[in-house]
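# Report on the structure
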Amino acid sequence: MGLWFTEKQTENFGITAKIKQTYHTEQTDYQKLDMVETAEWGNMLLLDDMVMTTEKDEFVYHEMVAHVPLFTHPNPKEVLVVGGGDGGVIREILKHPSVTKAVLVDIDGKVIEYAKKYLPSIAGKLDDPLVEVRVADGFMHIAESEKAYDVILVDSTEPVGPAVNLFTKGFYAGIASALKDDGIFVAQTDNPWFKADLIRQVYADVKEIFPVTRLYTANIPTYPSGLWTFTIGSKIHDPLKVKEDRFFEIETKYYTKQLHHACFVLPKFVEDLTV
Ligand code: SAM
């Protein structure tokens, strides 16, 4: 029968994966960290018993959280990732030649350490000369930053534990201050099947602060429900009004120029969360 891991996505429903081996497990200063090898998804990072990323499907999330805002901004140079200690978003950011600095602020250095060791295909660019890695609270970093970034990507865990402050209106107001005058930010905003109220609240909060606010989706099989949302807030540039000549070829497995537009077309029950 072998060893199986189940992530309880709600009190009544979960997702189960066959585990081939456990590489590392520890209670860090912030969360329970497990790095395992699964039969279906390759190596998998778990935090507090929730799937964070897997070798097999990570590209969907990392491409979609990065390329939609980075192609929307006309000339992104300085980019910040809040969370993202597995390095996948950094890897995607560096595919944009305009980027001169990518700062990653993750509160837990252990995530970075074990991602480098067991997820090299995801974390491989964390040592790039354009990347500055800081082990700190993203909430504090945002509060101390003033018009510093063109794009900010919030790649945090669920709004529990160390990430609870990263889904508040105050945090989004701080992001607006940390962005330059034509800045753009994207936050991962969970799934509409089990976290509809969170999506509705975040969207309403962001819309009060950013003139351009939109929701887009992607299919992530190992995340709760498989249907994932991202909330984008922009001071000027609209992701649906990107000039044709702004797009250029990059190596991706999920994101495309066509999907850049199509991902904003929402199922009715999801669109209803944005009104
Ligand atoms: N893609 C995943 C998702 O959508 O759930 C997130 C992956 S990434 C590993 C999440 C990271 O957020 C973790 O490494 C965690 O340490 C970090 N994090 C949580 N709270 C944070 C905070 N207040 N400041 C900075 N990083 C934080």
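What counts, and at which threshold
- Residues numbered from 1 in each chain as written.
- Predicted model: local features only at pLDDT ≥ 70, side-chain atom pairs only at ≥ 80, totals over all residues.
- Heavy atoms only, no water.
- UniProt positions renumbered as here; feature names shortened; annotations may be inferred.
- Helix = DSSP H or I, 4+ residues; strand = E, 2+ residues; numbered from the N terminus.
- Buried < 20%, exposed > 50% of the residue type's maximum accessible area, 1.4 Å probe, protein only.
- Lys, Arg positive; Asp, Glu negative; His and termini not counted.
- Salt bridge = Lys/Arg side-chain N within 4 Å of Asp/Glu carboxyl O.
- Polar contact = N/O pair within 3.5 Å; in protein donor to acceptor, adjacent residues only side chain to side chain.
- Contact = heavy atoms within 4.5 Å.
- Axes fitted to C-alpha atoms, helices over the stretch in contact; angles between N-to-C directions.
- Left-handed = near helix turned anticlockwise from the far one by under 90°.
- Nonpolar A, V, L, I, M, F, W, Y, C, P; charged D, E, K, R; others polar.
- Pairing = 2+ DSSP bridges.
- Expected span 1.5 Å × (residues − 1).
- Bend = angle between axes of the 7 residues up to and from the residue.
- Near = heavy atom within 4 Å.
- Areas by Shrake-Rupley, 256 points an atom, 1.4 Å probe, with all protein chains shown as cover.
- 1 Å grid on protein atoms, 1.4 Å probe; cavity = no way out; pocket = protein on both sides within 12 Å on 5 of 7 lines; lining within 4 Å.
- Sits in = over half its atoms within 2 Å of the grid points.
- Domains from an automatic or database assignment.

Looking up the protein chain in an unreviewed UniProt entry gives the name Polyamine aminopropyltransferase, with the organism given as Gracilibacillus orientalis. Turning to the protein chain, the UniProt annotation filed under Subunit (unreviewed entry) states: "Homodimer or homotetramer." Entered under Pathway (unreviewed entry) in the UniProt record, the comment concerning the protein chain runs "Amine and polyamine biosynthesis; spermidine biosynthesis; spermidine from putrescine: step 1/1."

The residue Arg246 is located in the loop between β12 (227-234) and α8 (257-262) in this model. Asp245 provides the closest opposite charge to the buried, unpaired Arg246, separated from it by 7.5 Å. From its side chain, Arg246 meets the backbone oxygen of Leu70 in a polar contact 2.9 Å long. At a separation of 3.4 Å, a polar atom in the side chain of Arg246 contacts the main-chain carbonyl oxygen of Pro74. Those residues in contact with Arg246, other than ones at most four positions away along the chain, are Leu70, Phe71, His73, Pro74, Asn75 and Pro76.

Under the definition given, this model contains 21 salt bridges. Of the charged contacts in the structure, one is a salt bridge between Glu132 and Arg134, with a shortest N-O distance of 2.5 Å. The shortest N-O distance in the salt bridge between Glu158 and Lys195 comes to 3.0 Å. In this pair, Glu158 sits in the loop between β9 (149-155) and α6 (169-178) while Lys195 sits in the loop between β10 (179-188) and α7 (196-209), placing the two residues 37 residues apart along the sequence. Of the residues examined, Glu158 reaches a relative accessible area of 11% and is grouped as buried. Linked through salt bridges whose partners overlap, the residues forming this network are Glu58, Arg91, Glu92 and Lys95.

Let us now look at the side chain of His24. Its place among the elements puts His24 in strand β2 (residues 13-27). In terms of polar contacts, His24 uses its side chain to reach the side chain of Glu26, at 2.7 Å. In this view, His24 contacts Leu33, Asp34, Met35 and Tyr114; residues no more than four positions away in its chain are not counted.

So, about the packing of α6 against α7. Between α6 and α7, whose axes approach to 9 Å, the crossing angle comes to 35°. The handedness of the crossing between α6 and α7 comes out as right-handed. Here α6 contributes Lys169, Tyr172, Ala173 and Ala176 to the contact with α7, which in turn contributes Val202, Asp205, Val206, Glu208 and Ile209. Looking at the contact of α6 with α7 residue by residue, the class counts come to six nonpolar, no polar and three charged.

With that out of the way, let us pick up the sheet that holds strand β7 (residues 101-106). The strand order across the open sheet built from seven strands is β8-β7-β6-β9-β10-β12-β11, with neighbouring strands paired in mixed fashion. With partners counted over all chains shown, the strands left at the sheet margins are β8 (131-135) and β11 (212-219), one partner each. Each strand of the sheet is rotated relative to its neighbour by a mean of 15°, with strand direction disregarded. Bridge count between strand β6 (residues 78-83) and β9: five bridges; the pairing is parallel. When the sheet's bridge partners are listed, Val81 is paired in β9 with Leu153. In the packing of helix α1 (residues 58-72) onto the sheet, the strands contacted are β6, β9, β10, β11 and β12, and the crossing angle to β11 comes to about 150°.

Here the focus is α1. Helix length check: α1, at 15 residues, gives a terminal C-alpha distance of 22 Å against a target of 21 Å (1.5 Å per residue), a fit within 8%. Maximum bend of α1: about 25°, positioned at Met64. The element α1 is extensively covered by neighbouring structure, given that 15 of its 15 residues are classed as buried.

Residues in contact with the ligand amount to 24 residues; listed here are only the nearest, Gln31, Asp106, Gly138, Pro162 and Tyr223. Between a nitrogen atom of the ligand and a main-chain N or O atom of Ile107, the distance comes to 3.1 Å. Between the ligand and the protein, one listed contact pairs a nitrogen atom with a side-chain N or O atom of Asp137 at 3.1 Å. Coverage of the ligand by the protein amounts to 99% of the 600 Å² it exposes when considered alone. When atom positions are compared with the pocket grids, the ligand is found to occupy the largest cavity. Across the shell around the ligand, the residue classes tally to eleven nonpolar, eight polar and five charged. Of the domains in this structure, domain 1 (3-53) and domain 2 (58-274) are the two that each give at least three residues to the shell around the ligand.

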